[in-house]
Amino acid sequence: MDHFQYQSGALCAERVAIADIARAVGTPFYVYSSATLTRHYQVFQEALAGMDHLICYAMKANSNQAVLRLMANLGAGMDVVSGGEYARAIAAGVPGERIVFSGVGKTADEMRMALAGGVRQFNVESEPELLALDAVAREMGLCAPITIRVNPDVDAKTHAKIATGKSENKFGIPIARAREAYAQAAALEGVKVVGIDVHIGSQLTELAPYEAAFTKVAELCELLRADGHDIRRLDLGGGLGIPYERSNSLPPLPLDYGAVVRRTLGHLGCEIEIEPGRLIAGNAGLLVAGVTYVKQGEGRNFLILDAAMNDLLRPAMYDAYHEIIPVVEPEAGVETRPIDIVGPVCETGDTFARQRAMPPLAAGDLVAFRTAGAYGAVMASEYNTRPMIPEVLVQGDQFAVVRARPSLEEIINRDSIPLWLA
Ligand SMILES: *Cc1c(COP(=O)(O)O)cnc(C)c1O
């Protein structure tokens, strides 16, 4: 459910007309709905109600400071995957004890930063990382709380680039080796085992892989407890999918996901952590673009937008589908025609949709990409020296620019010319 609807024929974000934002900030831009972000957080709260739990928003999905502050105000923790994200979470006002540090390649500097600033736990992904963290923590006179991320070898049945729970993926320690790794951890003075972590992938559209993974985690939990480990926290990762294409069958609801958690793990009396990213932010954002030209090609037509693959990488990177709708509501019964929707970047990969049925559009019209709030702005680049596009947050009838478009001068001045070329 989201808060981007037509009101009297004009697409709105909550009670703000998209066209008004476009006039104020220019196109292209991202716009996020506070009500939708809040709603998605609450849906997970309801799904896990009655179980001791913490929702750690996976901020790599959308790490704008305003989004983080909103989530922090709701009481969310954060799942961070870099020192940069850790610093962003702290800057947004998230207390260290609500920050979980994930990622396969944490450096000693990143470990130091999080230990100094406070951290809920590190999700350790390998034996070498375990030894590195132990060394860093001891050098600081501290003891790092850890879980070990286990790789349960289940097929998440999602896009290969975002599946993480198969044995051939780089993530976690094979579950068959987990007991040895926990024994190794227990012998180290610089780390303290607090739980188990698992994350099997992103954009999951079925519950069965979760059921399989959580069942393996439950068995492991009992084994580890029998081995004498104090397992009191289970971090279940994120990954619940969202509907990008309305004609497809709907992905499972958080409530049903919560029921799987309860059924497979509820008897263990552990605190549950989940790390949703996409489901919180995805449907809470639009990318709004202007039509630059309508071009007639040989046998097909092109809608050339002012947004490109550098602004929204998902179609080029994952062949992702985004619904693209006109900002002015088409009249009922208007005829649609297939058209290729593309950006201006000099590669054929800069294609958002092929032969998409669209109502008639002309240069100067606005279109909105739905479900662009997650893995949109955060994956953007300035390829082709196209400035990072602004981000706008709406709440009710108010909107604010939460990241401004940089000037060309700012972009150019980030480079410098060495003296020998001056
Ligand atoms: C990416 C990631 C998430 C969030 O995944 P979503 O599909 O956005 O919910 C959670 N945990 C970890 C460890 C991740 O890498």
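Residues numbered from 1 in each chain as written. Predicted model: local features only at pLDDT ≥ 70, side-chain atom pairs only at ≥ 80, totals over all residues. Heavy atoms only, no water.

So, the environment of Val150
Structurally, Val150 is set in strand 9 (residues 144-151). Residues in contact with Val150, not counting those within four places in the same chain, are Ile173, Ile175, Ala178, Ile196, Asp197, Val198, Val217 and Leu220. (Helix = DSSP H or I, 4+ residues; strand = E, 2+ residues; numbered from the N terminus. Contact = heavy atoms within 4.5 Å.)

Focus: the site of the ligand
Near the ligand you find 15 residues, and of these Lys60, Ser202, Glu275, Arg278 and Tyr375 are the closest. Side-chain polar atom of Lys60 to an oxygen atom of the ligand: 2.8 Å apart, as the coordinates give it. Contact between the ligand and Ser202: an oxygen atom at 2.3 Å from a side-chain N or O atom of the residue. Considered on its own, the ligand offers 390 Å² of accessible surface; in the complex 93% of this is hidden by protein. (Near = heavy atom within 4 Å. Polar contact = N/O pair within 3.5 Å; in protein donor to acceptor, adjacent residues only side chain to side chain. Areas by Shrake-Rupley, 256 points an atom, 1.4 Å probe, with all protein chains shown as cover.)

A closer look at the sheet that holds strand 2 (residues 10-13)
The strand order 1-2-3 describes an open sheet built from three strands, whose pairing is antiparallel. Pairing within the sheet leaves two strands with one partner each, and these edge strands are strand 1 (4-7) and strand 3 (16-17). Summarising the sheet, strand 1 and strand 2 pair through four bridges and their orientation is antiparallel. By the bridge assignment for strand 2, Phe4 is matched with Ala13. (Pairing = 2+ DSSP bridges.)

Considerations on the environment of Ala132
For Ala132, the location among the structural elements is in helix 6 (residues 127-139). Measuring from C-alpha to C-alpha, the distance between Ala132 and Leu224 comes to 23 Å, with 92 residues separating the pair along the chain.

Topic: the pairing of strand 8 (residues 121-124)
Burial of the side chains of strand 8 extends over both faces: Gln121 and Asn123 are buried on one face and Phe122 and Val124 on the other. As defined by bridge partners, strand 7 (residues 99-101) adjoins strand 8 across two bridges and the pair is classed as parallel. Bridged to Phe101 within strand 8 is Phe122. Crossover connection from strand 7 via helix 5 (residues 108-117) to parallel strand 8: handedness right-handed. When strand 8 meets strand 9, the two strands line up parallel, connected through three bridges. Within the sheet, the bridge partner assigned to Phe122 lies in strand 9 and is Ile146. (Buried < 20%, exposed > 50% of the residue type's maximum accessible area, 1.4 Å probe, protein only. Right-handed = clockwise from strand over helix to strand, strands pointing away.)

Details of unusual backbone geometry
The step from Thr27 to Pro28 runs through a cis peptide bond, and the omega angle for that step is -10 degrees. Here Pro28 is to be found in the loop between helix 1 (18-25) and strand 4 (29-33). Located in the positive-phi region is Gln203, a residue other than glycine, with phi close to 55 degrees. Relative to the elements of secondary structure, Gln203 occurs in the loop between strand 11 (191-197) and helix 8 (208-226). Phi is positive for Asp319, which is not a glycine, with a value near 55 degrees. Here Asp319 is to be found in the loop between helix 11 (314-318) and strand 16 (324-326). Its relative accessible area of 67% is what places Asp319 among the exposed residues.

Considering the side chain of Asn310
Here Asn310 lies in the loop between strand 15 (301-305) and helix 11. A polar side-chain atom of Asn310 sits 2.7 Å from a polar atom in the side chain of Arg386.

Some thoughts on the packing of helix 2 (residues 34-47) against helix 3 (residues 65-74)
Remark: helix 2 packs on helix 3, axes separated minimally by 11 Å, with the N-to-C direction vectors making an angle of 40 degrees. The angle between helix 2 and helix 3 places the two elements in the oblique class. In this structure, helix 2 meets helix 3 at a crossing whose hand is right-handed. Taken together, the residues of helix 3 that come into contact with helix 2 (itself represented by Ser34, Leu37, Thr38 and Tyr41) are Val67, Leu70, Met71 and Leu74. In the contact of helix 2 with helix 3, the residues fall into six nonpolar, two polar and no charged. (Axes fitted to C-alpha atoms, helices over the stretch in contact; angles between N-to-C directions. Parallel < 35°, antiparallel > 145°, perpendicular 65-115°, else oblique. Left-handed = near helix turned anticlockwise from the far one by under 90°. Nonpolar A, V, L, I, M, F, W, Y, C, P; charged D, E, K, R; others polar.)

With respect to the confidence of the model for the protein
Should pLDDT be low for a region, the predicted coordinates there are not to be read in detail. Per-residue pLDDT for the protein averages 96, and the proportion of residues at 70 or more is 100%. Of all the helices and strands in the protein, strand 10 (residues 173-174) carries the lowest mean pLDDT, 94, while strand 4 carries the highest, 99. (pLDDT = per-residue confidence, 0-100.)

Some thoughts on helix 3
Turning to helix 3, its buried residues are Val67, Leu68, Leu70, Met71 and Ala72. Its side-chain oxygen at 2.8 Å from the backbone nitrogen of Ala66, Asn64 defines the N-terminal cap of helix 3.

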